[in-house]
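Residue strings, one per chain:
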Amino acid sequence: KGSVKPGVDELMDRAHAIGALAREHALDTEQTRQVSAALIGKMREAELFRIMQPARFGGFEYGYDVFVDLVAAVATGDGSTGWVYSLGAVHPWLIACYPEKAQQEVWSEDRDAIAAVSYAPTGKAVQDKDGYRLSGRFSFASGCDNANWGILGGMLPLKSGPKPGFFLVPRSQFTIHDDWFTMGLAGTGSKTIVVDDQFVPDYRAVAFNEMLTGNGPGTQTNANPLYR
């Protein structure tokens, strides 16, 4: 594995291998209520988080069709692992829709960085100079134990009025409240992320409506129609 972009068949083989490994560890995944760091590491080694990441950061820019097939291959081994993989693999697409400065911040340090997301706009944000002060509890953040970043839903206090959006927050700025005790899919580790009055620069905040209309700021530097 190196700088050569692997073909879809090769990636499918790798995904099936991860699925087989996930099956071996399925009971442990459910009992510990998270996909292990070791298994996430194997996915990183197999380059499976790069499916929809921009090529300029080492990604492959394959579309959702390839993504769905790879997720299914991993999930045949274990549902929780498949779910966590799917989110880890789709969030580079989301990060690619952010302003260039945010993309550089995430991927210049670690090209295999993983983000956990809580979509509901429950966070409270107030304007602060060239950014926001964010506080809140963000539920159902699957895979957060292994995440480098959180993408957290909240209301953006814009001049035109409050609008729902996503705040991109590094792991150093949030804690995890362990409240994920479920009958099934316990291994998704979908715990609650807690943010207490942390500063988020404006380039790490994007409005929902920009994403929904295919006009995320990242389209200025990521020309592939995938990001629209």
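See the structure printed just above.
The residue count restarts for each chain, going from 1 along the sequence in the order it is written. Given that the model is predicted, a residue must reach a pLDDT of at least 70 before its local features are reported, and side-chain atom pairs must reach 80 or more before they are shown or counted; all residues, however, enter totals for whole chains, interfaces and linings. Hydrogens and water molecules were not included; the side-chain quantities draw on all heavy atoms of the structure.

K.L.:
How should the packing of helix 1 (residues 8-24) against helix 3 (residues 37-45) be read in this particular structure?
P.N.:
The description of two helices packed together rests on the angle between their axes and the distance between the axes. In this analysis an axis means a line fitted to C-alpha atoms, helices contributing only their contacting stretch, and an angle means the value between N-to-C directions, from 0 to 180 degrees. Where helices and strands are cited, they refer to DSSP runs of H or I of at least four residues and of E of at least two residues respectively, numbered from the N terminus. The interhelical angle for the contact between helix 1 and helix 3, taken along N-to-C directions, is 170°, at an axis separation of 10 Å. Considering their axes alone, helix 1 and helix 3 lie roughly antiparallel with respect to each other. Listed contacts from helix 3 to Ile 18, Leu 21 and Ala 22 of helix 1 are Leu 39, Lys 42 and Met 43. Gly falls in the polar group here, along with every residue not listed as nonpolar (Ala, Val, Leu, Ile, Met, Phe, Trp, Tyr, Cys, Pro) or charged (Asp, Glu, Lys, Arg). Grouping the amino acids of the contact of helix 1 with helix 3 by side-chain chemistry returns 5 nonpolar, no polar and 1 charged. Should an angle fall under 35 degrees it is called roughly parallel, over 145 degrees roughly antiparallel, and 65 to 115 degrees roughly perpendicular, with every other angle called oblique. Note on contacts: a residue pair qualifies if any of its non-hydrogen atoms lie within 4.5 Å across the two residues.

K.L.:
Please explain the nonpolar core as it appears in this structure.
P.N.:
Among soluble globular proteins, nonpolar side chains are generally buried collectively. Of all hydrophobic cores here, the largest spans 50 residues; its most connected members are Ile 51, Leu 70, Tyr 85, Tyr 98, Ile 151 and Phe 166. The element best represented in this core is helix 5 (residues 79-95), accounting for 7 residues. Contacts of Ile 51, omitting those with residues within four sequence positions, involve Leu 11, Phe 60, Glu 61, Tyr 62, Gly 63, Val 66, Phe 67, Leu 70 and Tyr 85. Working definition of a nonpolar core: buried Ala, Val, Leu, Ile, Met, Phe, Trp, Tyr and Cys residues. They are joined through side-chain atoms within 4.5 Å. Using a 1.4 Å probe on the protein chains alone, a residue whose accessible area is under 20% of its type maximum counts as buried, one over 50% counts as exposed, and one in between counts as partly exposed. Of all hydrophobic cores here, the second largest spans 18 residues; its members include Ala 116, Ala 141, Ala 147 and Val 169.

K.L.:
Please clarify how the sheet that holds strand 7 (residues 205-207) should be interpreted in this entry.
P.N.:
To summarise the sheet geometry, strands pair through backbone hydrogen bonds and adopt either a parallel or an antiparallel arrangement. Note on pairing: two strands pair once DSSP finds at least 2 bridges between them. Strands sit in the order 5-6-2-1-3-4-7 across an open sheet of 7 strands; the sheet is mixed. The sheet is open, and its two edges are formed by strand 5 (175-177) and strand 7, each paired on a single side. Adjacent strand axes in the sheet meet at a mean angle of 25°, parallel and antiparallel pairs treated alike. Pairing geometry for strand 2 (residues 131-141) and strand 6 (residues 191-201), over 8 bridges, is antiparallel. Bridge pairing links Gly 136 to Val 195 in strand 6. Each of strand 1 (115-128), strand 3 (149-158) and strand 4 (161-170) touches helix 5; the most contacted strand, strand 1, lies at about 40° to it.

K.L.:
Explain the environment of Asp 179 here, please?
P.N.:
Within the secondary structure layout, Asp 179 lies in the loop between strand 5 and strand 6. On the basis of relative accessible area, Asp 179 is assigned to the partly exposed category, the value being 33%. Along the sequence, Asp 179 and Gln 53 sit 126 residues apart, while their C-alpha atoms lie 31 Å from each other. Sequence-distant contacts of Asp 179, defined by excluding residues within four places in its chain, comprise Ser 190, Lys 191 and Thr 192.

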